[in-house]
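A structural walkthrough
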Amino acid sequence: MLNRDAADRTLPTLITLLVIGILLMTFDVRASGGGVVGVLRTGTQTIVAPVQKAASYVVNPVADMVQSLANVATLRQENLALRERLAEAEAELIAVQDESARLDLLEQIYELENAGSDLRRTVANVIGRPDAVSLVIDKGASDGIAKGQPVLDTNGFLVGSVHTVTQGSATILPMIAGQDGVAVVIGEQVGILMPQVASEEMRLEVRDARIPILAEERVETSAASINFPAGLPVGEVIADAAPSLDLLTTRVRPYSDPDTLRLVVVLAWPPDPIVAATGADAAEETTTTTTPSDESTTTEGG
Amino acid sequence: MRARTGLTVFLMVLTAVVVQTTLINQLQFVIPDLVLLLVILLALTRLRPEAVLGVAFFSGLLIDLLGTSLLGLRAIVLTMVAYAAIRTRERAEIGRVGVALWVGLLTFGGIVILALVGTLFGQGTLLGSDAVSRMFLVPIANTILAALTAGLFVRLVDRDASAFRFT
């Protein structure tokens, strides 16, 4: 049926491309997303992001409509639940306003000043999903977003962190797909939360565990975390677990579901990139140790 | 590959990537893999096999560059799928259903290879939390799309109105 050229250089071409692909993967692993690979990534995203941004204006309503049609059966129940939550939230707001007024009064009496610890928050739209896990947002370096900054959903639950930044866009890597664990605190115990393959649940490991962890306990980011500020809500424990020797493992369901996100909030943390960079350099300098016997240098920070 | 055909294929790849990364991946129920589908269908055209492999490689590289996965991972997976498609295309040319099933099988193979190679390179979470359902739903969606669009796609790339018309 089809008239094709039978000259076969297919196999050598395949082998060449596979070798190039494996070399690229090796470069990417060794460069940890930086270097030439990082420049290539940023360059491509800079070119494609405006197209994605324009396309998202058209396709987001279509996606919303299709999703709404798919969820039409549950909309009534969802509406009722949302109304209840709204009433609860309004009651809480009134209570908080009272407390805030009292706080202002007390601050005035004792002449206290605001410590200025509030982090800048940038709200961004999700304009694309390059693969099954990552998200592209419509805010970038020109909006003050920097690589590594924590990303939350609109309820303040932890989503992940910024992976790549261009001038007008950024790519978010959710914590459920990240390679590094998240240092978390459950009650008074500190543990590591690790992603699991093909699961939206995460695995919690607590070393030096002393007491059991119960289901529905809240999991928050720990002060020991180098990637996230302390106290961000992450998820809740699914099953009770008791320490075995001094190790405790259980499962955690993250509060945030990256698949359904349309808006995210990027935290400017560490607060000032210049100060943070200086701080990081200083930290690296302080953790660089030289062994006199072999003159080798080991860097422990980062 | 002539310049005009090259431009057509380039625009198709770009469109597939943009639609895939903006619309398709936002939907939770209908999840075809347009780029994978395009690469498989290219094997049915009169393009040189080496050109098909090259397009597959660069399409995968483009997706890798836009996402957070390891650079080159999808590139080698799409290249392998394109090679399998080139080697088996004669068996697919038996009718609309045959082409659709062939596309579905190759899509399934591609996703399995992606999961395997990804796991080998420490990217086990690449397919997301719904990896198992994705492994079956994406091939089904691609099978349906192939049944609807394969003939039109081949005629468009080859610019031959008589190509790929099953009776």
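Now for a look at the structure at hand.

Our next topic: the overall build of chain B. Scanning chain B from N- to C-terminus turns up six helices and zero strands. Helices (α) and strands (β) of chain B occur, in sequence order from the N terminus, as α-α-α-α-α-α. Rg of the C-alpha trace for chain B: 15 Å, near the compact-globule value of 15 Å for 167 residues, within the 12% margin. Seen through its C-alpha atoms, chain B measures out along the principal axes to roughly 45 × 30 × 30 Å. Among the 167 residues that make up chain B, the fraction classed as buried is 64%.

Another point: the environment of A:M194. Residue and element names in this part refer to chain A. Position of M194 relative to the elements: it lies in strand β7 (residues 189–195). Of the residues examined, M194 reaches a relative accessible area of 27% and is grouped as partly exposed. Considering only alpha carbons, one finds M194 and A177, 17 residues apart in sequence, at a separation of 9.1 Å. M194 has contacts with G181, M202 and R203, leaving out every residue within four places of it along the chain.

The next subject is the nonpolar core. Core analysis: the largest hydrophobic core is formed by 67 residues, its most contacted members being B:I40, B:L42, B:W102, B:V103 and B:F153. Of all the secondary-structure elements, those providing two or more residues to this core are α1 (10–31) and α2 (35–70) of chain A together with α1 (3–22), α2 (34–42), α3 (49–66), α4 (73–92), α5 (96–120) and α6 (131–158) of chain B. The dominant element in this core, judged by the number of residues it contributes, is α4(B), at eleven residues. Apart from the residues within four sequence positions on either side, B:I40 is in contact with B:V81, B:A85, B:W102, B:V103, B:L106 and B:T107. The next biggest cluster of nonpolar side chains, apart from the first, holds 24 residues, and it includes A:L152, A:A209, A:F228 and A:V237.

Here we take up the environment of B:L126. Topologically, B:L126 is positioned in the loop between α5 and α6. Owing to a relative accessible area of 5%, B:L126 belongs among the buried residues under this scheme. Between the C-alpha atom of B:L126 and that of B:V35, which follows or precedes it by 91 residues, the distance is 17 Å. When sequence neighbours within four positions are dropped, the list of residues in contact with B:L126 reads A:A132, A:V133, B:S69, B:L73, B:R74 and B:L114.

Turning to the interface of chain A and chain B, a few remarks are in order. Size of an interface: often given as the accessible area lost when the parts come together. With 64 residues of chain A at the interface, the matching set in chain B holds 57 residues. Buried surface at the junction of chain A and chain B, summed over both partners, amounts to about 5,200 Å²; 63% is from carbon and sulfur atoms. If you look at where chain A meets chain B, you find zero salt bridges. Taken together, the links from chain A to chain B amount to ten residue pairs in polar contact (both at pLDDT 80 or more). Those elements that place two or more of their residues in the side of chain A that touches chain B are α1, α2, β1 (121–128) and β5 (170–174) of chain A.

Glancing now at the pattern of salt bridges. Residue and element names in this part refer to chain A. Following the criterion strictly, the structure yields eight salt bridges over all chains and no others. A salt bridge links D28 to R41, with the shortest nitrogen-to-oxygen separation between them at 2.9 Å. Placement of the pair is D28 in helix α1 and R41 in helix α2, with a sequence separation of 13 residues. Residue D28 shares its accessibility class with R41, and that shared class is buried.

Turning our eyes to something else, we now look at a nonpolar patch on the surface. All names here are of chain B. Together, F108, V132, F136, L137, I140, I144 and L148 give the surface a local cluster of nonpolar side chains, amounting to about 690 Å² of exposed area. Note that L137 resides in helix α6. Overall, the relative accessible area of 39% leaves L137 in the partly exposed class.

So, how was this worked out
- Residues numbered from 1 in each chain as written.
- Chains lettered and ligands numbered in written order.
- Predicted model: local features only at pLDDT ≥ 70, side-chain atom pairs only at ≥ 80, totals over all residues.
- Heavy atoms only, no water.
- Helix = DSSP H or I, 4+ residues; strand = E, 2+ residues; numbered from the N terminus.
- Rg over C-alpha atoms; globule rule 2.2 N^0.38 Å.
- Buried < 20%, exposed > 50% of the residue type's maximum accessible area, 1.4 Å probe, protein only.
- Contact = heavy atoms within 4.5 Å.
- Core = buried A, V, L, I, M, F, W, Y, C linked by side-chain atoms within 4.5 Å.
- Buried area = accessible area lost by both parts, 1.4 Å probe.
- Salt bridge = Lys/Arg side-chain N within 4 Å of Asp/Glu carboxyl O.
- Polar contact = N/O pair within 3.5 Å; in protein donor to acceptor, adjacent residues only side chain to side chain.
- Patch = residues over 30% accessible without salt bridge, like charges linked within 9 Å, V, L, I, M, F, W, Y side chains within 5 Å.
- Areas by Shrake-Rupley, 256 points an atom, 1.4 Å probe, with all protein chains shown as cover.

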